[in-house]
Amino acid sequence: MRIKIVNLNKVYPGGKKALKDLNLEIEPGMFGLLGPNGAGKTSLMRIMTLLQSCTSGTIYFDNYDIAKDRKAIRSLLGYLPQDFRFFEKLKTWEFLDYGAGLAGIKGKQHRAEVVDEMLRKVGLFEVRDRWANRLSGGMKRRLGIAQAIIGNPKVIIVDEPTTGLDPEERIRFRNILSDISDKDSIIILSTHIVGDISSTCKKLALLNRGELKFEGSPDEMIDLARGKVWEIFVTDMEYEEIKDKYPIISTIPTDGGMEIQVVADAIDGYSHKAIEPNLEHAYVYYMDYLLKDKMNMQVEAIKENELFK
Ligand SMILES: Nc1ncnc2c1ncn2[C@@H]1O[C@H](COP(=O)(O)OP(=O)(O)OP(=O)(O)O)[C@@H](O)[C@H]1O
C-alpha cells in the first residue's frame, strides 16, 4: 500500500485555507503527522477518510482515487477520530461487535471470536461486559483503536490519540499501534505530541498553517537542530532577560540559579554549551525558525508597501 497526496487544497466556506497545495507520499509503516493546533491535520485526516471533500487536488491509495473509488477506499480504511464517541447503552464487547459488523466480518460465531481476540489484544477482555461509556479515558481510547483496526484495514488513521492520557496509558497505546503495524499496512498518527512520534514513527511530515514544512525521518529532523540546542546556566536575574530572547524548552532550578535548555542559532554571552538534540528540541527549533521566517516575510511586505507609498 502506498498513499500519494497530489496538489491537495482545502478552502472552507468563508475563505479559510486549511491545506495549501499539499504533496506527500506515504509508504508502509508508521507515519507521523505533526503540527501545532490549526495546522490542518484534522482536515487532512477527514479528507483521507472520505468524511469531507477537498477543494482541489486528490489522494491515491495505490491506484484508487478518492474522487472516484470511494467504495474501494472505504473498505481499506480504519479510523479513530479525535472526538471518538460511544453509543449509549452498549457493552464493551457489543460495541466492538457492532464495529466488526461494519468492517464486514460475517457470521455470529466467527465475529465473536474475532471480537474476543481483539479485546485481549487491547487489554479489555476483563471488562468486556462493562458499559462502554463507563470505561476509563484510556480504556475508551483503546476500544477506539480496537474498532479502527478490527478487520485488518490496510490504512489506519489515528487523530490525536494520546491527548489527555496518563503516561502509562500513552505507552500502552503506542505499543498497541507498534504491534499491529505490518509490512504492507500504513498507520498514520496525527499529533502535536512529539513524544508519540519519536518512539514509533519511521517517517514524519510537519504541517504548519496548511503547508508541508518538513518531510523525512525523525533522525533527519533532529539533524536540523544539531548545534542549535544549548544548555545555559543563568542567575535568576539573567533568566528574566533570557526568557524573552530564546525559546526555552526546559528549566531546572539549581544552586544559585537555573539550568535551562533553549534553541537558537547561536548564544551571545552567558555560560553555555551545545547539547545533543532530541526530536522535541528539533520541533521547537523548527517552529521557531518558521515563525521567524514568517516575521521576516511580514517585515519585507511592510517594506515593499512603504516603497509604493
Ligand atoms: N469547518 C470549518 N470551517 C472553517 N474553518 C475550519 C473548519 N474546520 C477547520 N477550520 C480551520 O482550518 C484550519 C485547520 O484546522 P484543522 O482542524 O484541520 O487543524 P489541526 O491541525 O487538526 O488542529 P487541531 O489540532 O487544533 O485540531 C484552522 O485554522 C481551523 O480553524
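Residues numbered from 1 in each chain as written. Predicted model: local features only at pLDDT ≥ 70, side-chain atom pairs only at ≥ 80, totals over all residues. Heavy atoms only, no water.

Taking an unreviewed UniProt entry as the reference, the protein chain is identified by name as ABC transporter ATP-binding protein belonging to Butyricimonas virosa. UniProt, in its Sequence similarities (unreviewed entry) section for the protein chain, records the words "Belongs to the ABC transporter superfamily." (UniProt positions renumbered as here; feature names shortened; annotations may be inferred.)

Enquirer: Where do I start with the packing of helix H3 (residues 92-102) against helix H5 (residues 137-149) in this structure?
Expert: The axes of two packed helices give the description: the angle between them and the distance between them. H5 packs onto H3 with a crossing angle of 25 degrees between their chain directions and a minimal axis gap of 9 Å. Judged by the inter-axis angle, H3 sits roughly parallel to H5. H3 and H5 meet at a crossing whose hand is right-handed. Facing H3, whose interface residues are Thr92, Phe95 and Leu96, H5 presents Leu143, Ala146 and Gln147. (Axes fitted to C-alpha atoms, helices over the stretch in contact; angles between N-to-C directions. Helix = DSSP H or I, 4+ residues; strand = E, 2+ residues; numbered from the N terminus. Parallel < 35°, antiparallel > 145°, perpendicular 65-115°, else oblique. Left-handed = near helix turned anticlockwise from the far one by under 90°. Contact = heavy atoms within 4.5 Å.)

Enquirer: Sorry, what's going on with the sheet that holds strand S5 (residues 64-65) here?
Expert: Neighbouring strands of a sheet are bound in pairs by backbone hydrogen bonds; such pairs are parallel or else antiparallel. With antiparallel pairing, four strands are arranged side by side in an open sheet as S2-S1-S4-S5. At either end of the open sheet lies a strand with only one pairing partner, and these are strand S2 (17-26) and S5. Bridge count between strand S4 (residues 56-61) and S5: two bridges; the pairing is antiparallel. Across the sheet, the residue bridging to phenylalanine 61 is tyrosine 64, located in S5. (Pairing = 2+ DSSP bridges.)

Enquirer: Would you mind going over the nonpolar core with me for this structure?
Expert: Generally speaking, a soluble globular protein has its nonpolar side chains buried in company with each other. Core analysis: the biggest nonpolar cluster contains 52 residues, and Leu96, Ile145, Ile150, Val158, Leu177, Leu206 and Met221 have the highest contact counts within it. Here this core gets seven residues from one element, more than from any other, and that element is helix H10 (residues 279-307). In contact with isoleucine 150, other than residues within four places in its own chain, are Leu96, Gly99, Ala100, Ala103, Ile105, Val114, Val115 and Met118. Among the nonpolar cores identified, the runner-up in size contains 29 residues, and Leu22, Ile66, Tyr79 and Val155 belong to it. (Core = buried A, V, L, I, M, F, W, Y, C linked by side-chain atoms within 4.5 Å. Buried < 20%, exposed > 50% of the residue type's maximum accessible area, 1.4 Å probe, protein only.)

Enquirer: What is the right way to look at the confidence of the model for the protein chain in this model?
Expert: Averaged over all residues, the pLDDT of the protein chain equals 88, while 93% of them reach at least 70. If you check the scores for this complex, the pTM reads 0.86 and the ipTM reads 0.96. (pLDDT = per-residue confidence, 0-100.)

Enquirer: Explain the environment of leucine 76 to me, please; I cannot follow it from the model alone.
Expert: Mapping leucine 76 onto the fold places it in the loop between helix H2 (70-74) and strand S6 (77-80). On the accessibility criterion, leucine 76 (14% relative accessible area) is buried. Taking the C-alpha atoms as reference points, leucine 76 and alanine 103, 27 residues apart in sequence, are found 9.6 Å from one another. Leucine 76 has contacts with Met1, Phe61, Tyr64, Pro153, Lys154 and Val155, leaving out every residue within four places of it along the chain.

Enquirer: Honestly, the site of the ligand in this entry has me stumped. Any pointers?
Expert: Neighbouring the ligand are 13 residues; Gly38, Gly40, Lys41, Thr42 and Ser43 lie closest to it. Between the ligand and lysine 41, the relevant distance is 2.9 Å, taken from an oxygen atom to a main-chain nitrogen or oxygen of the residue. Serine 43 places a side-chain nitrogen or oxygen 2.6 Å from an oxygen atom of the ligand. Taken by itself the ligand offers 630 Å² of open surface, and the protein chains cover 64% of this. (Near = heavy atom within 4 Å. Polar contact = N/O pair within 3.5 Å; in protein donor to acceptor, adjacent residues only side chain to side chain. Areas by Shrake-Rupley, 256 points an atom, 1.4 Å probe, with all protein chains shown as cover.)

Enquirer: I'm lost on the packing of aromatic side chains in this one. Help?
Expert: Two aromatic rings are characterised by how far apart their centres lie and by the angle between their planes. Within this structure, the stated rule accounts for two aromatic pairs. Judged by centre distance (5.8 Å) and plane angle (75 degrees), the rings of phenylalanine 84 and phenylalanine 95 are edge-to-face. Here the residue phenylalanine 84 occupies a position in the loop between S6 and H3, and phenylalanine 95 occupies one in helix H3, the gap between them amounting to 11 residues. Phenylalanine 95 sits in the buried class, given a relative accessible area of 5%. Taking the centre distance of 6.0 Å and the plane angle of 75 degrees together, the rings of phenylalanine 214 and tyrosine 286 count as edge-to-face. With a gap of 72 residues between them, phenylalanine 214 in strand S10 (residues 211-216) and tyrosine 286 in helix H10 connect regions that are remote in the sequence. Summarising the burial analysis for this pair, phenylalanine 214 and tyrosine 286 share the class buried. (Phe/Tyr/Trp six-rings, centres within 6.5 Å; stacked < 30°, edge-to-face > 60°.)

Enquirer: Just checking my understanding: could you explain the sheet that holds strand S12 (residues 248-254) for this structure?
Expert: With antiparallel pairing, four strands are arranged side by side in an open sheet as S12-S13-S11-S14. Strand pairing shows two members of the sheet lacking a second neighbour, S12 and strand S14 (271-274), which therefore form its edges. Neighbouring strand axes in the sheet, compared pairwise and without regard to direction, differ in orientation by 20 degrees on average. Pairing analysis gives six bridges linking strand S11 (residues 229-234) to strand S13 (residues 257-263), with the strands arranged antiparallel. If you follow isoleucine 232 over to S13, its bridge partner there is isoleucine 260.

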